[in-house]
Every structure is written in C-alpha cells, then in structure tokens.
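# Working through the structure, step by step
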Amino acid sequence: MPILIGLASLILLAVVFGPQVWVRRVLARHGVNRLDLPGTGGELARHLLDQAGLEAVKVEPTADGDHYDPVARAVRLTPPHHDGRSVAAVAVAAHEVSHAVQHARGERAFALRFDLVRNLIWVDRVASGILLLAPVVFIVVKAPILLAFQLIVGMLLLTIRIVVHLATLPVEFDASFAKALPVIARGGYLSAADMPAARSVLQAAAWTYVAAALATLLDVARWLRVLRF
C-alpha cells in the first residue's frame, strides 16, 4: 500500500509540475540571443503597437512576468524578452501585443477574462479566511453542519481559480495563433525556419495557465488534507 501511495504521489507531482518544467525548457531553448535578428522584443512590441494604432500603449520592462496590463495600458516584458534578440523574445512580444489588440477591439473573451482575474484576489482571500476560521467556528459553535458548509464554500471558492485559468485559455490561444503568429509571418520578423520554434514558444505560453490550474488542484488537495475533510 505505501508503494502505491508513493507511486500515486509521484504521478500527481509529475502531472502538476511537468508542464511548468516543460515551459521553462522551451523558453530557455529558444531564448538564446541571435545577432541576425534586427531588434529586441521591446522594440518589436513598440513597432507592432504603433502599426496597430495603439501608440498610447506603453512598453515597459518588468520582473513580474510577461503580461499586458489593461488598467495601465502597458505591455510589460521580462528583461530577456524586452532586451533580448531571440525567437522567444519575438514570440512573447507579439503575444503580449495581441492582448493589447484584444483589449482595444473590446473582444468579449478578453473582457470576461479581465473581470475574472480582477476578482480573483478577493475570492482567494475569502476562501482562505473561511477555511482557516472553520475549525475555530466549530470549537465555538460546535455545529458540524456549519463546519461542513464552511468547508464546502471555501473549496468551491478555491476552485474558481481553476475556472479562471480555463477561461483564460481561449484568450491565450487567440492571442498566440490567431494574432501573433500570423503577424510574425506576414511581417517577416522571423524566417520560415524559425516559425516552428515560435509556435513552440507560444504553445508553452498557453500551457502556463494549464500548469497554474493543475497547481490549484494540488492546493485544494492540500487544504483537504490539512482539514481532514
């Protein structure tokens, strides 16, 4: 029995952390600077934004991960992608600019994802608060039904994170494969030989959200184990 439990644990860890490891490897493999590329990811992002008529959208370096900030109207790229000249820098820059385009066009899927992400912080806080206070409430009130209700509500709130990550996937795929890849190909920003590598980078970008959803499942399982529910 202990062997089966250990094997199941290893499989679970591989499922949860495997995509994260794969994403890092893909980005590292295609993140090597290339002298033959004409500009950095930050320069390409600025160029693509101007071409799309989005001169008001800023391009900024960041240490908090590549993303587009709809509130500040800024495309933010990590140093390797902002300052680097690599296939990964080109693909990621085009991808984040595509989110700015989605925002500017008022695309419904992007708006839904933005609203969900914006509300995710307080949902996490409420869920964690309910789960942490559940044992205290039980000791004070001594009502098993109330305890069960609190735990169920807390778990449901935590699983909203999974819904958010899944709702994000269509937005990510649209940004990557309906917008970024065609723009890169039409503009000749990468050679035909580099396009498969760009596709791999963009697939990895989408998989980051799958990995995040799986990590959330692990978090829910951890809460269940702590609370013995």
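Predicted model, so just to flag it, every value in this text is computed and none were measured.

### So, the overall build of the protein chain
Assigned secondary structure in the protein chain consists of seven helices and three strands. Residues counted as buried form 40% of the 229 residues belonging to the protein chain. For the protein chain, restricting intrachain contacts to residue pairs at least 6 apart in sequence, the fraction spanning at least 24 positions comes to 70%. As displayed, the protein chain offers around 12600 Å² of accessible surface, 68% of which is attributable to carbon and sulfur atoms.

### Let's talk about the side chain of H30
Position of H30 relative to the elements: it lies in the loop between α1 (2-29) and α2 (41-51). When its relative accessible area of 17% is taken as the criterion, H30 is described as buried. The contact partners of H30, leaving out residues within four places of it in the chain, are S86, V87, A88, A197, S200 and V201.

### Here we look at the sheet that holds strand β1 (residues 58-61)
Hydrogen bonds between backbone atoms are what pair the strands of a sheet, whose relative direction is either parallel or antiparallel. Strands sit in the order β1-β3-β2 across an open sheet of three strands; the sheet is mixed. A single partner strand is all that each edge strand has here, and the edge strands are β1 and β2 (67-69). Looking at each pair of strands side by side, their axes are set apart by 25 degrees on average, direction ignored. In this fold α2 packs onto β1 and β3 (74-77), with an angle of close to 165 degrees to the strand it touches most, β1.

### A word on the environment of E96
With respect to the secondary-structure elements, E96 resides in helix α4 (residues 87-105). On a C-alpha basis, the gap between E96 and A45 in space is 8.0 Å, while along the polypeptide they are 51 residues apart. When residues no more than four places from it in sequence are discounted, the contact partners of E96 are D66, H67, Y68, V75 and L77.

### Here's the deal with the packing of aromatic side chains
Inspection of every chain in the model, using the stated rule, returns two aromatic pairs. Judged by centre distance (6.3 Å) and plane angle (45 degrees), the rings of Y68 and F110 are tilted. You can see Y68 sitting in strand β2 and its partner F110 sitting in helix α5 (residues 108-141), a full 42 residues away along the chain. With respect to burial, Y68 and F110 carry one shared label: buried.

### Notes on unusual backbone geometry
Backbone geometry places R73, a non-glycine residue, at a positive phi of 50 degrees. By secondary structure assignment, the location of R73 is in the loop between β2 and β3. Owing to a relative accessible area of 32%, R73 belongs among the partly exposed residues under this scheme.

### Re the nonpolar core
Core analysis: the biggest nonpolar cluster contains 36 residues, and L49, V75 and L190 have the highest contact counts within it. Elements with a minimum of two residues in this core: α1, α2, β3, α4, α6 (144-187) and α7 (195-227). By residue number, the principal contributor to this core is α4, which donates 10 residues. Leave out the neighbours within four places in its chain, and L190 touches L37, V87, V90, I184, M195 and A198.

Basis of the calculations
Residues numbered from 1 in each chain as written. Predicted model: local features only at pLDDT ≥ 70, side-chain atom pairs only at ≥ 80, totals over all residues. Heavy atoms only, no water. Helix = DSSP H or I, 4+ residues; strand = E, 2+ residues; numbered from the N terminus. Buried < 20%, exposed > 50% of the residue type's maximum accessible area, 1.4 Å probe, protein only. Contact = heavy atoms within 4.5 Å. Areas by Shrake-Rupley, 256 points an atom, 1.4 Å probe, with all protein chains shown as cover. Pairing = 2+ DSSP bridges. Axes fitted to C-alpha atoms, helices over the stretch in contact; angles between N-to-C directions. Phe/Tyr/Trp six-rings, centres within 6.5 Å; stacked < 30°, edge-to-face > 60°. Core = buried A, V, L, I, M, F, W, Y, C linked by side-chain atoms within 4.5 Å.

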